[in-house]
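Here is how the chains run, residue by residue.
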Number of protein chains: 4
Amino acid sequence: MFKYKEVFTRINKSLAEHNNPGKVASYIPELGNVDPDKFGVHLTKINGEDFSCGDSNEKFSIQSIAKVLSLTMAYKLENEKLWKRVGVEPSGTPFNSLVLLEHNKGIPRNPLINAGALVICDVLISRLENPKEELLEFVREISGFNHIDFNPIVVASEKSMGFRNAAVINLMKSFGNIENKIDDVLDFYFNLCSIEMTCKELSHTFLYLANDGVSPNTKKRIVSVSKSKRINAIMQLCGFYDEAGEFSFKVGLPGKSGVGGGIVAIHPNHYSIVVWSPKLNPKGNSWKGMKFLERFTTETELSIF
Amino acid sequence: MFKYKEVFTRINKSLAEHNNPGKVASYIPELGNVDPDKFGVHLTKINGEDFSCGDSNEKFSIQSIAKVLSLTMAYKLENEKLWKRVGVEPSGTPFNSLVLLEHNKGIPRNPLINAGALVICDVLISRLENPKEELLEFVREISGFNHIDFNPIVVASEKSMGFRNAAVINLMKSFGNIENKIDDVLDFYFNLCSIEMTCKELSHTFLYLANDGVSPNTKKRIVSVSKSKRINAIMQLCGFYDEAGEFSFKVGLPGKSGVGGGIVAIHPNHYSIVVWSPKLNPKGNSWKGMKFLERFTTETELSIF
Amino acid sequence: MFKYKEVFTRINKSLAEHNNPGKVASYIPELGNVDPDKFGVHLTKINGEDFSCGDSNEKFSIQSIAKVLSLTMAYKLENEKLWKRVGVEPSGTPFNSLVLLEHNKGIPRNPLINAGALVICDVLISRLENPKEELLEFVREISGFNHIDFNPIVVASEKSMGFRNAAVINLMKSFGNIENKIDDVLDFYFNLCSIEMTCKELSHTFLYLANDGVSPNTKKRIVSVSKSKRINAIMQLCGFYDEAGEFSFKVGLPGKSGVGGGIVAIHPNHYSIVVWSPKLNPKGNSWKGMKFLERFTTETELSIF
Amino acid sequence: MFKYKEVFTRINKSLAEHNNPGKVASYIPELGNVDPDKFGVHLTKINGEDFSCGDSNEKFSIQSIAKVLSLTMAYKLENEKLWKRVGVEPSGTPFNSLVLLEHNKGIPRNPLINAGALVICDVLISRLENPKEELLEFVREISGFNHIDFNPIVVASEKSMGFRNAAVINLMKSFGNIENKIDDVLDFYFNLCSIEMTCKELSHTFLYLANDGVSPNTKKRIVSVSKSKRINAIMQLCGFYDEAGEFSFKVGLPGKSGVGGGIVAIHPNHYSIVVWSPKLNPKGNSWKGMKFLERFTTETELSIF
């Protein structure tokens, strides 16, 4: 039996000796206000055991990590026909979002880059009565925490600076791959990205992907076994933009990062783990989070490979 | 306990009812001469048990599958400094090899695309006394089959048609990322790709990647645990060119394909499996091989995710 | 002395025998309503002589041809510092607008592609009190025709379908190369493109570029000699999107086309000429207009080369 | 009547006051050995008058300027069917040669980039008995100078460093757009680029393009009026790689540069002019040569626009 808590403390201590060269995301003021030295980690085993360390009970902006949750909802509703509107291939290079969109006539490479997540939002708006409410309900239910919410200040900030996302969605609309009004899709998308959770809440939320699609929390099936595996496969190949290979290579688990400094990773049939440290490396992933998980899977000699 | 043999037969039968829309690789005459309807499968468990079906004892040209073997040799010799000369990220789109090479100043995206495999060959030529002999020796030893060999007719064919590879290697040489003579590297590369094996031989050869780096055959450690996991991670993200996502999504195992129609896949801590069917889909991967493995991991509900 | 009228008639007759494979622009309904068989040509010498043929007195939507007029206004106001925000190089390929914009961090390749024309509109909005009124005033004055106007139906049509332009301007705004509100710039841009003129009116309007910057009409200097030459140089290299080379090669004059089927060409120190025929070739330039001008400069043996 | 000599001296003097930030081409040792402060200019009117200044009688490596001469020979032989194998459009960005080649399936954008010039060499090898001899003969005849020759040391240098060109030609061969042996085409190409001339010799050589295709020297027609104009058009759009727009904009004449520091420009029906100064700007064109010609056409108020 692994003494996770001790491992966490040891790795944290050893990493603390390094100078963290990362930088807190600053493209919107709200994200820049966070204390850059925060660090939290939380691991939840599928049997319900919890292990944590540091600031694991402080809320942070989960940002792009939320794209896995919207993908889960849309995949449930649309099944395999979802893939007519978005691919499952890694995108190659960071600046390629617009390049490849043009090349692929408005079909995004995968649902975890911005373009793909916007298409997923468009799908949900078409299918749900009250998209924002139903999204929150879904997240609250699978996490087991009823107070999880959007951060309206982050939403407003994103909207005022979201020219790049507006470029992406207008390009897709010009190719006919957006059904709803652009402002409605952007509003839903920015709310999705503004969700705030603690490491613990996020770890509980994602546990269904470590448990073949069943939430250990509620014992309810969220998605089928096959869909759960496929969502993990997409995270493995596309969860870290242009660093998907690096994360796969060094950490060896499917995962997803967000510019708020959070990373969630899944060890299927074992656990979900969340690390949070706001300073990002040049590729936009948490510098310390990447290092922590690399050491963690190396020390525990556990990875899917 | 799984009755693999029965599962193989059932899937094979059900796939036989479909019209196979694939086409045998024809860019060199030698590859075009194969019987398009051949089909073989062989699975080897890490405990040594073998399961097979169809033409699993006929030799075929393993082509790009061999790139995993040269990578293994080079990684052993160079350790982590290998990654200064080649990346670990998926390449995005098929035609991008030259595009991204130019963008990245001669550093290939990963060691499994042609450009990266050529750099690996260059590394081996610099480090080995008799590269071709030592490569064969290595393959013969880990497979346990002493007659494995190059096919000189395939080598000659490739050389006469290898303008695209010559373009790739000259571009890298112009950026200073090739140390040896271009003709020497191409000769080694074409020999590497010309290796012929049966499904069974190939399955035995790759078993070390299912066994944390130790060949169950010889009980000898081929690579460290960490390197074995990392090679699997690279296969997972980069093993199927522009269909890496598709394979990961549908099959859920690390693997590598070749234009000879072979596919090898690894279930870490369980088995290696090889499928061979010469007709390729438009992305250059075996049409039936992909379908077979998709059904196989679906039926057995075994994948790394 | 050339008998232009006779040449026009002869070329027109000979072209009439060919089947015109072009297609009327249809991306907005208003443009699709035009009679596809309309054909007009008008040439004005710098001494004021006029020569015309066909439907040269019917109004049509000048579309992108207007970008030369907005460029002239902005160049007068900003002088050489204009080129900090937009380049003077041809763009290479049609789909590159967004690709190269990303590569060049929001600086468009030249002022005659959509991206560049949007930047020019942004400049004019920043500098003019009443941009739309002052633009009309400018065009009316240099043309000598007081009734020239926007077509509000075309403006409304463009707005409802302008997702591609919205993508382009949002991308530039994300790089900081748009100062004003996106909707204001798009409104001005769509009005600019909606201007309607006859061949005669358009030919008179552009005569200042054949006369070293002085409008023969009013004897007033519009731009300096140097600026007049430079605007011609930009038209020569960038006036026909991905067919600039073809037009230069076959016609040998600086010119600009619009998707309304109009083409204006300038023979410096001699004349301006306008051809109008709504059916476009696959690159978006008037099929018959290109052919007509090719034959015209071949027969008259007049070109700048 | 213009006092060209005085103008040359005045501009030269004024430019001498500026610090020249350019750098001599160094990719092959032979080119790096030249005295960086050399400066020569020579203008020849179509009536035969010569005007010169500085080191106008020293030989230098004309490099890419020679591509206009090989184009002229191939265009004469193949007429308009030449354009099936090479385009007439500007290439957009410098690094695009390989990118656009891949996109356009081996058809280069124009005959003045390396890829296009290699195709032209391939054409000449297919059509001529003794390509190198006949090329020299052609150049000697139109220039009127019998001692013009290749520089074998430059050829050898280029061959030892020509990996980029080898990449380009292998890529085109893979698409079927090279008929002859790669080494033969490269040998011819490197010889072509190694031709040495003085400013005066080069100016005389190019005079046929200022004289509607007739060499004033021999009174012989080199190419038809139409072909002469079209070659000028191609120079105008494609003669300066990614600075074609800049040169057109500031100088306003068709021209071609070489990495030896030479620039030739044509004022149709007036003169040809050659400037030589070895230090290059970042785009690979002579820094002082560009400035000199800009001032020259500004002072003389002569340009094609």
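These numbers come from a predicted model, not from an experiment. (Residues numbered from 1 in each chain as written. Chains lettered and ligands numbered in written order. Predicted model: local features only at pLDDT ≥ 70, side-chain atom pairs only at ≥ 80, totals over all residues. Heavy atoms only, no water.)

A. Focus on the interface of chain A and chain B. The interface is formed by 36 residues belonging to chain A together with 36 residues belonging to chain B. Of the roughly 3,000 Å² buried at the junction of chain A and chain B (both faces included), carbon and sulfur atoms supply 63%. Among the residues of chain A in contact with chain B, A:Arg230, A:Phe249 and A:Phe305 are the three that bury the most area, contributing 28% of the side total. Where chain A touches chain B, the interface holds 4 salt bridges. On inspection of chain A and its partner chain B, the count reaches 12 residue pairs in polar contact (both at pLDDT 80 or more). Taken together, the elements giving at least two residues each to the side of chain A that touches chain B come down to α4 (96–103), α11 (225–238) and α12 (244–250) of chain A. With 8 residues, α11(A) is the single largest residue contributor to the side of chain A that touches chain B. (Contact = heavy atoms within 4.5 Å. Buried area = accessible area lost by both parts, 1.4 Å probe. Salt bridge = Lys/Arg side-chain N within 4 Å of Asp/Glu carboxyl O. Polar contact = N/O pair within 3.5 Å; in protein donor to acceptor, adjacent residues only side chain to side chain. Helix = DSSP H or I, 4+ residues; strand = E, 2+ residues; numbered from the N terminus.)

B. Representation of helix α9 (residues 182–193) of chain A. Between its first and last C-alpha atoms α9(A) spans 17 Å; for 12 residues at 1.5 Å apiece the expected length is 16 Å, and the two agree. The buried fraction of α9(A) amounts to 10 of the 12 residues, a majority that puts the element mostly inside the structure. (Expected span 1.5 Å × (residues − 1). Buried < 20%, exposed > 50% of the residue type's maximum accessible area, 1.4 Å probe, protein only.)

C. A look at the relation of the copies chain D and chain B. You can overlay chain D on chain B at an RMSD of 0.0 Å; the transform is a turn of 180° with a shift of 0.0 Å along its axis. Viewed as a symmetry operation, the transformation between the two copies matches a two-fold axis. No C-alpha of chain D approaches the rotation axis more nearly than that of D:Ala167, which lies at 1.9 Å. Of the interface residues in chain D, 100% have counterparts in chain B that sit at the interface too, so the contact is made through matching surfaces. (Least-squares fit on C-alpha atoms with pLDDT ≥ 70 in both.)

D. The packing of helix α3 (residues 66–78) of chain A against helix α5 (residues 114–127) of chain A, seen in detail. Residue and element names in this part refer to chain A. Axis separation between α3 and α5 bottoms out at 9 Å; the angle between their running directions is 50°. In terms of orientation, α3 and α5 fall into the oblique class. The two elements α3 and α5 cross, and the hand of that crossing is left-handed. Of α5, the residues touching α3 (which contributes Lys67, Ser70, Leu71, Met73, Ala74, Leu77 and Glu78) are Asn114, Ala117, Ile120, Val123, Leu124 and Arg127. Class assignment for the residues of the contact of α3 with α5 results in 8 nonpolar, 2 polar and 3 charged. (Axes fitted to C-alpha atoms, helices over the stretch in contact; angles between N-to-C directions. Parallel < 35°, antiparallel > 145°, perpendicular 65-115°, else oblique. Left-handed = near helix turned anticlockwise from the far one by under 90°. Nonpolar A, V, L, I, M, F, W, Y, C, P; charged D, E, K, R; others polar.)

E. Seen up close, the relation of the copies chain A and chain B. Between chain A and chain B, which share one sequence, the superposing operator has a rotation angle of 180° and an axial displacement of 0.0 Å; the RMSD is 0.0 Å. In this assembly, 100% of the residues forming the interface of chain A have copies in chain B that are likewise at the interface, indicating an isologous arrangement.

F. Focus on the environment of A:Leu202. All names here are of chain A. Within the secondary structure layout, Leu202 lies in helix α10 (residues 199–205). The class for Leu202 is buried, based on a relative accessible area of 0%. Taking the C-alpha atoms as reference points, Leu202 and Val264, 62 residues apart in sequence, are found 7.7 Å from one another.

G. Region of interest: the sheet that holds strand β6 (residues 255–257) of chain A. All names here are of chain A. Read from one edge to the other, the open sheet built from 5 strands follows the order β3-β2-β8-β7-β6, with strand pairing classed as antiparallel. In this open sheet, the two edge strands, each paired with only one partner strand, are β3 (50–54) and β6. For this sheet, the mean inter-axis angle between neighbouring strands, taken without regard to orientation, is 10°. Here strand β2 (residues 40–45) pairs with β3 via 5 bridges, running antiparallel. Bridge assignment links Thr44 to a residue of β3, and that residue is Asp50. Against the sheet, helix α13 (residues 287–300) makes contact with β2, β7 (262–267) and β8 (271–276), and its axis sits at roughly 145° relative to β8, the strand it touches most. (Pairing = 2+ DSSP bridges.)

H. Representation of the packing of aromatic side chains within the structure. Taken as a whole and judged by the stated rule, the model has 56 aromatic pairs over all chains. For the ring pair C:Tyr4 and C:Tyr271, a centre distance of 6.2 Å and an interplane angle of 70° mean the geometry is edge-to-face. On the criterion of sequence distance, the pair formed by C:Tyr4 in helix α1 (residues 4–16) and C:Tyr271 in strand β8 (residues 271–276) is long-range, its members being 267 residues apart. Across this residue pair, the class does not change: C:Tyr4 and C:Tyr271 are buried. Members of the aromatic cluster, joined through ring pairs, are A:Tyr4, A:Phe8, A:Phe39, A:Phe51, A:Tyr271, A:Phe292 and A:Phe296. Its end group placed over the ring of A:Tyr75, A:Lys227 keeps NZ or CZ at 5.2 Å from the ring centre. Directly above the aromatic system of B:Phe39 lies the positively charged group of B:Lys288, at a separation of 4.3 Å from the ring centroid. (Phe/Tyr/Trp six-rings, centres within 6.5 Å; stacked < 30°, edge-to-face > 60°. Lys NZ or Arg CZ within 6 Å of the ring centre and 35° of its normal.)

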